[in-house]
Amino acid sequence: LVLTGGADVDPARYGHENTDSHTEPRRDEVEFTLLELAIADELPVLGICRGLQVVNVYAGGTLRQHVPEHARYDTGPAAESHTVSFVAGSALHSLYGETADVNSLHHQTIDTLGDGLTATAHVDDGTIEGVEMTGAAVIAVQWHPEMMSHDDPAFGWVVERAARRVG
């Protein structure tokens, strides 16, 4: 399952009033259900941007609704805007190494990390840019790997794990 970028998660899902979010409640309903079913069936899950936020809220975490300094709409979508550092020993570290330069098209970030999640990627200001779920094949990143100018290893990760299930 790949959970892609898009509209903001409805703040009501994490107990907050909507102060600056464009939401699609029906999409939330579908994606939260898909995530629940994927985890129950032990399917690999890759969250991208909004997908990271869905994973975090699903696990009981919260979001900062508007963090404009993270959105880089002044450059092309493939532009590498900042460097992400990865926690040694994590799945994301095994995919990317110590650091990676990534794009930044989001205006929301994780506030409180959800239960069972480990923050395994950060930018220098401490913002969480990647998470992994304990006991499940779930990784999520805040950037948009599909828009980068090179192949991103996260896609290989999800495809390889999905292939194991059918092989």
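Preceding this paragraph is the structure being described.
Please read these numbers as outputs of a predicted model, since none were measured by experiment.

### Section: the sheet that holds strand 4 (residues 82-86)
Here is step 1 of the chain: If you walk across this open sheet you meet the seven strands as 1-2-9-8-7-4-5, and the pairing is mixed. The sheet is open, and its two borders are formed by strand 1 (2-3) and strand 5 (99-102), each paired with just one other strand.
Here is step 2 of the chain: As paired elements, strand 4 and strand 5 share four bridges and run antiparallel to each other. Within the sheet, the bridge partner assigned to Ser-85 lies in strand 5 and is Thr-99.

### Some words on the side chain of Gln-65
Here is step 1 of the chain: Relative to the helices and strands, Gln-65 resides in the loop between strand 3 (63-64) and strand 4.
Here is step 2 of the chain: The class for Gln-65 is buried, based on a relative accessible area of 9%.
Here is step 3 of the chain: Within the structure, Gln-65 has its side chain in polar contact with the backbone nitrogen of Thr-19 (distance 2.9 Å).

### Description of the pattern of salt bridges
Here is step 1 of the chain: The final tally for this structure, using the stated rule, is nine salt bridges.
Here is step 2 of the chain: With a closest N to O distance of 3.1 Å, Arg-26 and Glu-29 form a salt bridge. Here Arg-26 and its partner Glu-29 are both found in helix 1 (residues 25-40), three residues apart, which amounts to about one turn of the helix.
Here is step 3 of the chain: Here the residues in one salt-bridge network are Arg-13, Arg-27, Asp-28, Glu-31 and Arg-50, joined through shared partners.

### A look at the packing of aromatic side chains
Here is step 1 of the chain: Using the criterion set out here, one finds three aromatic pairs in the structure.
Here is step 2 of the chain: Measuring from centroid to centroid gives 5.0 Å for Phe-86 and Tyr-96, while their planes differ by 10°, and the two rings are stacked. One end of the pair, Phe-86, is in strand 4; the other, Tyr-96, is in helix 3 (residues 91-96), and ten residues separate them in sequence.
Here is step 3 of the chain: Phe-86 sits in the buried class, given a relative accessible area of 8%.
Here is step 4 of the chain: Relative to Trp-143, the ring of Phe-86 has its centre 6.2 Å away and its plane inclined at 75°; by these criteria the two rings are edge-to-face. One end of the pair, Phe-86, is in strand 4; the other, Trp-143, is in the loop between strand 9 (138-141) and helix 4 (153-166), with 57 residues separating them in the sequence.
Here is step 5 of the chain: Members of the aromatic cluster, connected to one another through ring pairs, are Phe-86, Tyr-96 and Trp-143.
Here is step 6 of the chain: Above the ring of Phe-32, the side-chain terminus of Arg-13 is found at 4.3 Å from the ring centroid.

About the thresholds
Residues numbered from 1 in each chain as written. Predicted model: local features only at pLDDT ≥ 70, side-chain atom pairs only at ≥ 80, totals over all residues. Heavy atoms only, no water. Pairing = 2+ DSSP bridges. Helix = DSSP H or I, 4+ residues; strand = E, 2+ residues; numbered from the N terminus. Buried < 20%, exposed > 50% of the residue type's maximum accessible area, 1.4 Å probe, protein only. Polar contact = N/O pair within 3.5 Å; in protein donor to acceptor, adjacent residues only side chain to side chain. Salt bridge = Lys/Arg side-chain N within 4 Å of Asp/Glu carboxyl O. Phe/Tyr/Trp six-rings, centres within 6.5 Å; stacked < 30°, edge-to-face > 60°. Lys NZ or Arg CZ within 6 Å of the ring centre and 35° of its normal.

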